[in-house]
Amino acid sequence: MRELTKAEEQVMLILWEMKEGLVKEVIEKMEPPKPAYNTVSTVIRVLEGKGFISHKAIGNTHIYFPLITEEQYKHFAFDKVMNNYFENNYQSLVSFLVKEKNMDMNELDELIALAENLKNKK
């Protein structure tokens, strides 16, 4: 799996939500200013080439749908962040969240409880 560009990610978020759709329908879901039809069509063809989506042809119409789930991409993206920024160390991640994102004690307690719960399930 490869990292998505911002434009590709925007299209994928819409397709994950819609489950399937035409280029025109993807554009309708986008925030203004809406890109040109050809721009979105090109992004969709790139995503298809990368193996993120496929299509069904009905006459001259193509209905696009995701091949990669949002959950699969979340795992990939999170693993990339963990490797590149936190040296695969969850303690570094938690430390960052507490310091930089002003995590309060209740949120920290919830995170610790979640980690302990997951640890006990192993």
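In this report, we go over the structure that sits alongside the text. This one's a predicted model, so the numbers in the text were calculated from it and none came from an experiment.

1. Overview of the layout of surface pockets
Here comes step 1: Estimated volume of the largest pocket: approximately 320 Å³.
Here comes step 2: If you trace the largest pocket, you find it lined by F78, Y90, L93, V94, L97, L108, L111, I112, L114, A115 and L118.
Here comes step 3: Within the residue set of the lining of the largest pocket, elements represented by two or more residues are helix 5 (90–100) and helix 6 (105–121).
Here comes step 4: Per-element tally for the lining of the largest pocket: the top contributor is helix 6, with 6 residues.

2. Looking at the packing of aromatic side chains
Here comes step 1: Under the counting rule described, the total for this entry stands at 5 aromatic pairs.
Here comes step 2: Relative to Y73, the ring of F52 has its centre 5.9 Å away and its plane inclined at 65°; by these criteria the two rings are edge-to-face. Residue F52 is found in the loop between helix 3 (37–49) and strand 1 (53–58), and its partner Y73 is found in helix 4 (residues 70–86); the two are separated by 21 residues along the sequence.
Here comes step 3: Judged by centre distance (6.4 Å) and plane angle (25°), the ring pair of F78 and Y90 falls under stacked.

3. Some thoughts on the environment of V11
Here comes step 1: Within the secondary structure, V11 is located in helix 1 (residues 6–18).
Here comes step 2: Sequence separation between V11 and V43 is 32 residues, and the spatial gap between their C-alpha atoms is 7.8 Å.
Here comes step 3: Contact partners of V11, with chain neighbours within four places excluded, come to V26, M30, V40, V43, I44 and L47.

4. Considerations on the pattern of salt bridges
Here comes step 1: Under the criterion given, the structure shown has 4 salt bridges.
Here comes step 2: Among the salt bridges present, the one from E17 reaches K29, with a minimum N-O distance of 3.5 Å. Separated by 12 residues along the polypeptide, E17 in helix 1 and K29 in helix 2 (residues 23–29) bring together distant segments of the chain.
Here comes step 3: Look at E17 and you get exposed, because its relative accessible area is 54%.
Here comes step 4: Residue K29 is classed as partly exposed on the basis of its relative accessible area of 45%.

Calculation criteria
- Throughout, a residue's number is its position along its own chain's written sequence, starting from 1.
- In keeping with the predicted nature of the model, local features appear solely for residues at pLDDT of at least 70, side-chain atom pairs appear and are counted solely at 80 or more, and the whole-chain, interface and lining totals rest on all residues.
- Excluded from the side-chain calculations are hydrogens and water; all other atoms, namely the structure's heavy atoms, are used.
- Here a cavity denotes grid points, spaced 1 Å and computed from the protein atoms alone, that fit a 1.4 Å probe unable to get out, and a pocket denotes an open set having protein on both sides within 12 Å along at least 5 of 7 lines; residues with an atom within 4 Å of a point are the lining.
- Grid points are joined across faces, edges and corners, and a volume is the space filled by probe spheres set on the points.
- Under the scheme used here, helices are H or I runs from DSSP no shorter than 4 residues and strands are E runs no shorter than 2 residues, and both carry numbers assigned from the N terminus.
- Any two rings among Phe, Tyr and Trp, with Trp reduced to its six-membered ring, count as a pair given centres within 6.5 Å; such a pair is stacked if its planes are under 30 degrees apart, edge-to-face if over 60, and tilted if neither.
- Throughout, a contact is declared for two residues whenever any of their heavy atoms are within 4.5 Å.
- In the sections that follow, a salt bridge refers to a side-chain nitrogen of Lys or Arg positioned within 4 Å of a carboxyl oxygen of Asp or Glu.
- Under the scheme applied here, a residue whose accessible area is under 20% of the maximum for its type counts as buried, over 50% as exposed, and between as partly exposed, the area being computed with a 1.4 Å probe on protein chains only.

Distances and angles like these do not, on their own, reveal function.
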